[in-house]
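One-letter residues, chain by chain:
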Amino acid sequence: MNAFTVLQSLSDIDPAYIADAEQIPARRFRPRALIAACLALLCLVAAVVSVFTHPAGEPPLITSSALQKDADTDLITVYDGPQYLEACYAAPRDGDVLLEIELTLALQQYEQEDVRYWVRLAIFPKDGCLNFDEAATDAECARLASLGYAVYTHKKNWIGYWGEDKHYTTVCLKMSADELRAFEAVAADRRFGYAFELVHTPTVSDCTRYEIP
Amino acid sequence: MTTDELLALYRLRDEDALTHTAALYGDRLHRLAVQILHNEQAAEECVNDTYLKAWNAIPPAHPSHMAAYLSQITRRCAFSMLEKAGAQKRNAAFVAITEEMQECLPDHRLEPPPAEVEFKEWVNAFLATLSVDARRIFLRRYWFADSVHDIAVRYHMTDSKVKTSLHRSRQALLTFLEKEQIAL
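Computed from a predicted structure; not experimentally measured.

Some details on the interface of chain A and chain B
- Contacts between the two partners involve 28 residues from chain A, matched on the other side by 43 residues from chain B.
- Carbon and sulfur atoms supply 61% of the area buried between chain A and chain B, which totals about 3400 Å² over both sides.
- Taken together, chain A and chain B are joined by four salt bridges.
- In this structure, the salt-bridge partner of R136(B) is D20(A), at a minimum N-O distance of 2.9 Å.
- Between chain A and chain B we count 16 residue pairs in polar contact (both at pLDDT 80 or more) in total.

Overview of empty space enclosed by the protein
- Overall, the coordinates contain two cavities of 30 Å³ or more when judged by the stated rule.
- In this structure, the second largest cavity occupies an estimated 40 Å³ of space.
- L7(A), I36(B), R75(B), F79(B), F94(B), I97(B), R141(B), Y142(B), W143(B) and A145(B) are the residues that line the second largest cavity.
- When residues of the lining of the second largest cavity are traced back to their parent elements, those giving at least two are α4 (66-85), α5 (92-103) and α7 (132-142) of chain B.
- Residue classes in the lining of the second largest cavity are distributed as eight nonpolar, no polar and two charged.

Considerations on the packing of helix α2 (residues 16-37) of chain B against helix α3 (residues 40-57) of chain B
All names here are of chain B.
- Where α2 contacts α3, the two axes come as close as 8 Å, and the packing angle between them is 135 degrees. Relative to α3, α2 is oriented oblique. In the packing of α2 onto α3, the handedness of the crossing is right-handed. Counted together, A17, L18, T21, A22, G26, L29, H30, A33, V34 and L37 of α2 and E40, A42, A43, E44, C46, V47, T50, Y51 and W55 of α3 form the full contact between these two elements.

Cut-offs used in this document
Along each chain, residue indices are assigned from 1 in the same order as the chain's sequence is written. Following the order in which they are written, the chains are lettered starting with A and the ligands numbered starting with 1. This being a predicted model, a pLDDT of at least 70 is required before a residue's local features are given, and a value of 80 or more before pairs of side-chain atoms are given or counted; all residues contribute to the totals for chains, interfaces and linings. Excluding hydrogens and water, the side-chain figures rest on all heavy atoms present in the structure. Between two residues, a contact is recorded if the distance between any of their heavy atoms is within 4.5 Å. Buried area: the accessible area, evaluated with a 1.4 Å probe, that two parts lose upon being put together, summed over both parts. What makes a salt bridge here is a side-chain nitrogen of Lys or Arg within 4 Å of a carboxyl oxygen of Asp or Glu, nothing more. N or O atoms closer than or at 3.5 Å make up a polar contact, with two conditions inside protein: a donor-capable atom paired with an acceptor-capable one, and, for residues adjacent in sequence, both atoms drawn from side chains. Both site types are read off a 1 Å grid over the protein atoms alone. A 1.4 Å probe that fits but cannot get out defines a cavity, while an open set with protein on both sides within 12 Å along at least five of seven lines defines a pocket; lining residues have an atom within 4 Å of a point. Grid points are joined across faces, edges and corners, and a volume is the space filled by probe spheres set on the points. A run of H or I in DSSP counts as a helix once it spans at least four residues, and a run of E counts as a strand once it spans at least two, with each numbered from the N terminus. We call Asp, Glu, Lys and Arg charged. Ala, Val, Leu, Ile, Met, Phe, Trp, Tyr, Cys and Pro are nonpolar, and the rest, Gly among them, are polar. Think of each axis as a best-fit line through the C-alpha atoms, taken over the contacting stretch in the case of a helix, with angles from 0 to 180 degrees between the N-to-C directions. Each angle gets one of four labels, with under 35 degrees taken as roughly parallel, over 145 as roughly antiparallel, 65 to 115 as roughly perpendicular, and the rest as oblique. When the near helix sits turned anticlockwise from the far one by under a right angle, the crossing is termed left-handed; a clockwise turn instead gives a right-handed crossing.

Following this line, the structure appears as structure tokens:
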């Protein structure tokens, strides 16, 4: 028996199989495809809404380009600048304000937009870095908060090599471009130098909003 | 008109049964014959032959699937025509289907063919082993002689998925034949 005979003999199969194969099937409901489509739509809507219709009083927050999105916050966008931009800076002198390169570029890029920047502030007194001194850092945070800045802190304690207590307070702020540019004139304490940089860690949710005692 | 009403006309030997049969099933039977024969005139002859055979067979025959029953007659008639025409006159599309089927047959062509009843039994048994989707695709290709693309459109899938399903079904058929020690 050859293939032709086999095909010919197929005529005698159970008519139920033929009737079944003759039915025009309805397009199948595919739950996975539907779920994927819904998720894609939700993501699209969320992206569009977050970019174009951010809530009043809560403009988009620009963070470092090293991060695409901060899932813990309502960050709208990130600075899309050169990656791994690193530089070595001299500590700013008393009363000076240093904006690191990435932040400067981001300020240029978003000049026409209503955004805020998530920045880390390092404070430099004459003899080192203020952030290692918890009490002094808290005092400076209180002063900045009293001036109306949105100040956040992230505290870290550890034991040093000689068994001494170590402390470092990371100070972050949500700042507008105007606040950053005017900081030196408006808020800088002449005893300190200030260095601002875009960061993505710690995130907003990692930090505690500094409340004036 | 329902199948039961149509069968009632056949039982009453009312010639309107043929008119209604042509109206209800004529198009699909013609399409099936064309798919196999690729010849309009021969297909028309085949369909008319189907009506005559159905008229002669019912009663006593009482098909539960009228469309399938008539399609079986049309298909037998079309294959009979192909057989008479000889291998040289078969169209390219049908030759392709035959070659595909040849792939999965064990090389025992000198053995005597199985009895018709036995063949019918094992082919039904084989079809029962396939999944519903695979069986439908297999039958659309090797029973209705649909092209791969037409099957893909019918079942909302890609051509490659249809080809894969057909390949797996042919492999399953070969395995089935060898396991059952069926010599073709």
